[in-house]
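Here is what each chain is made of, one letter per residue.
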Amino acid sequence: MSHRILVLPGDGIGPEITAEAVKILNACRETGLELSLEEGLVGGAGYDAHGEPLPAATLDKAKAADAILLGAVGGPKWDKLEDIAKRPERGLLGLRKNLNLFGNLRPAILYPQLAEASSLKPEVVSGLNIMIVRELTGGIYFGQPRGIEQRDGQRVGFNTYVYSEAEIERIGRVAFEMAQKRGGKLCSVDKANVLEVTMLWREVMERLADDYPDVELSHMYVDNAAMQLVRAPKQFDVIVTGNMFGDILSDAAAMLTGSIGMLPSASLNEHGQGMYEPCHGSAPDIAGQGLANPLATILSVAMMLRYSLNEGELAARIERAVGSVLDDGLRTADIAYPGTRQVSTAEMGDAVLAAFHTSA
Ligand code: NAD
Ligand code: IPM
Ligand code: MN
């Protein structure tokens, strides 16, 4: 049976990095994996062509796909759009919400070859392997009411931070099961000293822990978690947290791995359908210059194979190919340092492709 893959390049560096990831997808096809690839418009690209960041045709294709590969959306061109609903980021949020992709996996893994690229001391990050499980379809990103309105002669902006017990429970189960498969440790990150919504979060996590006696559950306030991530990140195995805290903590975790350009992600619903994207954005400052690191997107393809297509062996082969390219000293600008060889986005993609072919 052929798997339907929808590729959504998006904006900024999106098209450059997805082009490299598609090379790897095509190489997987040559191994006998049946894939049918389609493209679609999302974000600013969707808005420019159809006046919508999530055109109806794109949403239809997304619903019909087994998995989606997304580059990135957004950029200064659309930042001033009066109608907030037309902003590129809304296209991405619409995909997540419409497909119910509540379970966001963001693995921060340090390739040993990149210990020198991290802004932290090698001994602090060496061997790092953290899985951040971020809730992706609720919390303050989606809570109602929200808006900007006139009150007492001035404008006020407001959002609502809300989680139901059911929403907390389903992301909690994803995280506990992930911890069972990994090192057996789960740290739930909240702000339960201040926010009622996260008091409930903590209570539900405590209750779930009874079902997973083999997992050691701990709790941490988000401000401390941010500090601990840069002080002693290896204390973490799996972290579970809400939508906004997860967004922020995963960018911080990215730097432990050398660059935001190294962090892939999977966003899953309960049927195993998934969207796969690098954690970084559209990087308008480097777009179109061949400077972007495509590895987070290529590693997102590996996650797609593992989580949506049940092709763990091929996934591991892609990850090994990335490792061998790093062994050879090839680096995009963001992870380059003296003694390494700086290459462009496409050269990096080609090198991974070559390594993939030779590592059969
Ligand atoms: P960003 O992640 O795009 O960039 C932050 C910094 O990291 C920049 O200096 C950029 O050059 C660098 N960077 C990012 N990805 C890189 C890569 N692959 N290789 C090398 N360097 C890389 O974040 P930002 O500047 O805050 O946001 C830019 C735009 O992207 C905004 O419109 C934002 O809304 C959007 N955004 C989209 C996504 C997404 O599509 N998932 C995620 C985050 C931000
Ligand atoms: C991410 C991004 C998105 C988020 C934005 C672009 C909506 O920062 O995927 O991390 O905040 O979730
Ligand atoms: Mn983010």
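Criteria and thresholds
Residues numbered from 1 in each chain as written. Chains lettered and ligands numbered in written order. Predicted model: local features only at pLDDT ≥ 70, side-chain atom pairs only at ≥ 80, totals over all residues. UniProt positions renumbered as here; feature names shortened; annotations may be inferred. Helix = DSSP H or I, 4+ residues; strand = E, 2+ residues; numbered from the N terminus. Rg over C-alpha atoms; globule rule 2.2 N^0.38 Å. Buried ≥ 20, exposed ≤ 12 C-beta atoms within 10 Å, placed from the backbone. Contact = placed C-beta atoms within 7 Å. Near = placed C-beta within 6 Å. Nonpolar A, V, L, I, M, F, W, Y, C, P; charged D, E, K, R; others polar. Pairing = 2+ DSSP bridges. Axes fitted to C-alpha atoms, helices over the stretch in contact; angles between N-to-C directions. Core = buried A, V, L, I, M, F, W, Y, C linked by C-beta atoms within 7 Å. Domains from an automatic or database assignment. Expected span 1.5 Å × (residues − 1). Arc of directions from axis to C-beta.

If you check an unreviewed UniProt entry, the chain appears there as 3-isopropylmalate dehydrogenase from Modicisalibacter muralis. UniProt's Sequence similarities (unreviewed entry) comment on the chain is quoted here verbatim: "Belongs to the isocitrate and isopropylmalate dehydrogenases family. LeuB type 1 subfamily."

> How would you summarise the overall build of the chain if you had to cite specific residues and measurements?
Counting secondary structure elements, the chain contains 12 helices and 14 strands. Taking 2.2 N^0.38 as the reference for a compact globule, 360 residues should give roughly 21 Å; the C-alpha atoms of the chain span a radius of gyration of 20 Å, in line with that estimate. Taken over 360 residues, the chain has a buried fraction of 49%. Restricting the contact set of the chain to residue pairs at least 6 apart, pairs at least 24 apart contribute 74%.

> Describe the site of ligand 1, listing the residues and the values that go with them.
Taken together, the neighbourhood of ligand 1 is formed by 21 residues, with G74, G261, H280, G281 and N293 sitting nearest. Counted by class, the shell around ligand 1 contains 10 nonpolar, 7 polar and 4 charged residues.

> Requested: an account of the sheet that holds strand β8 (residues 185-190), with residues and values cited.
Within the open sheet, the 10 strands sit side by side as β2-β1-β3-β12-β11-β4-β5-β10-β8-β9. Their pairing is mixed. Of all the strands in the sheet, the pair left with one neighbour each is β2 (35-39) and β9 (216-221). On average, each strand axis in the sheet is tilted by 20 degrees relative to the strand beside it, whichever way the strands run. For strand β4 (residues 103-109) and strand β5 (residues 129-135), the ladder comprises 7 bridges, and the chain directions are antiparallel. From the neighbouring strand, G103 faces β5, where its bridge partner is E135. Strand contacts of helix α3 (residues 56-64): β1 (3-10), β2 and β3 (67-72), with the helix running at about 145 degrees to β1, the strand carrying the most contacts. The sheet strands contacting helix α8 (residues 222-231) are β8 and β9, and the helix crosses β9 at an angle near 105 degrees.

> Quick one: what's the story with the nonpolar core, residue by residue and with numbers?
The nonpolar side chains of a soluble globular protein tend to be buried with one another. I24, I68, V133, I239, V301, I318 and V352 are the most contacted members of the largest nonpolar core, which has 109 residues in total. For this core, the leading source of residues is helix α10 (residues 295-307), giving 10 residues. When residues of this core are assigned to domains, at least three map to each of domain 1 (1-102 + 272-360) and domain 2 (103-138 + 164-268). When neighbours within four sequence positions are excluded, I24 is seen to be in contact with I298, V301, I318, V352, L353 and F356.

> Which residues make up the UniProt feature "site: Important for catalysis" (unreviewed entry) in the chain, and what values do they have?
Mapped onto the present numbering, the UniProt feature "site: Important for catalysis" (unreviewed entry) falls on Y141 and K191. Relative to the elements of secondary structure, Y141 occurs in the loop between β5 and β6 (143-151). Classification of Y141 as partly exposed rests on a count of 19 C-beta atoms within 10 Å. In this structure, Y141 is in contact with L93, N243 and M244, ignoring residues within four places of it in sequence. Note on placement: K191 falls in the loop between β8 and α7 (196-209).

> I'd like a rundown of helix α12 (residues 345-358), residues and numbers included.
If you check α12, its first and last C-alpha atoms are 20 Å apart, about what 14 residues at 1.5 Å a residue would give, namely 20 Å. Turning to α12, its buried residues are T345, M348, G349, A351, V352, A355 and F356. Along the axis of α12, the buried residues cluster in a sector spanning 160 degrees; they form a single face. Along α12, exposed side chains directed more than 90 degrees from the buried face belong to H357 and T358.

> Let's hear about the environment of E123: which residues, and what values?
Following the sequence through the fold, E123 ends up in helix α5 (residues 122-125). Note on E123: 9 C-beta atoms within 10 Å, which makes it exposed. Taking C-alpha positions, E123 is 28 Å from L291, a pair spaced 168 residues apart along the chain.

> Tell me what's going on with the pairing of β6, and back it up with residues and numbers.
By the criterion of burial, β6 is predominantly exposed, with just 0 of the 9 residues buried. Looking at chain direction, β6 and strand β7 (residues 154-160) are connected through 6 bridges and run antiparallel. The residue bridging I148 from the neighbouring strand is G157, located in β7. Where β6 folds back on β7, the antiparallel hairpin that results is connected by 2 residues, among which D152 adopts a positive phi of roughly 50 degrees.

> How would you sum up the pairing of β3? Please name residues and give values.
Looking along a regular strand, one sees the side chains alternate between the two faces of the sheet. Of all 6 residues in β3, 6 are buried; the element is thus mostly enclosed. Here β1 pairs with β3 via 5 bridges, running parallel. Bridging across to β3, L6 finds its partner in I68. As paired strands, β3 and strand β12 (residues 274-276) are joined by 3 bridges and run parallel to one another. The partner of A67 across the bridge, within β12, is G274.

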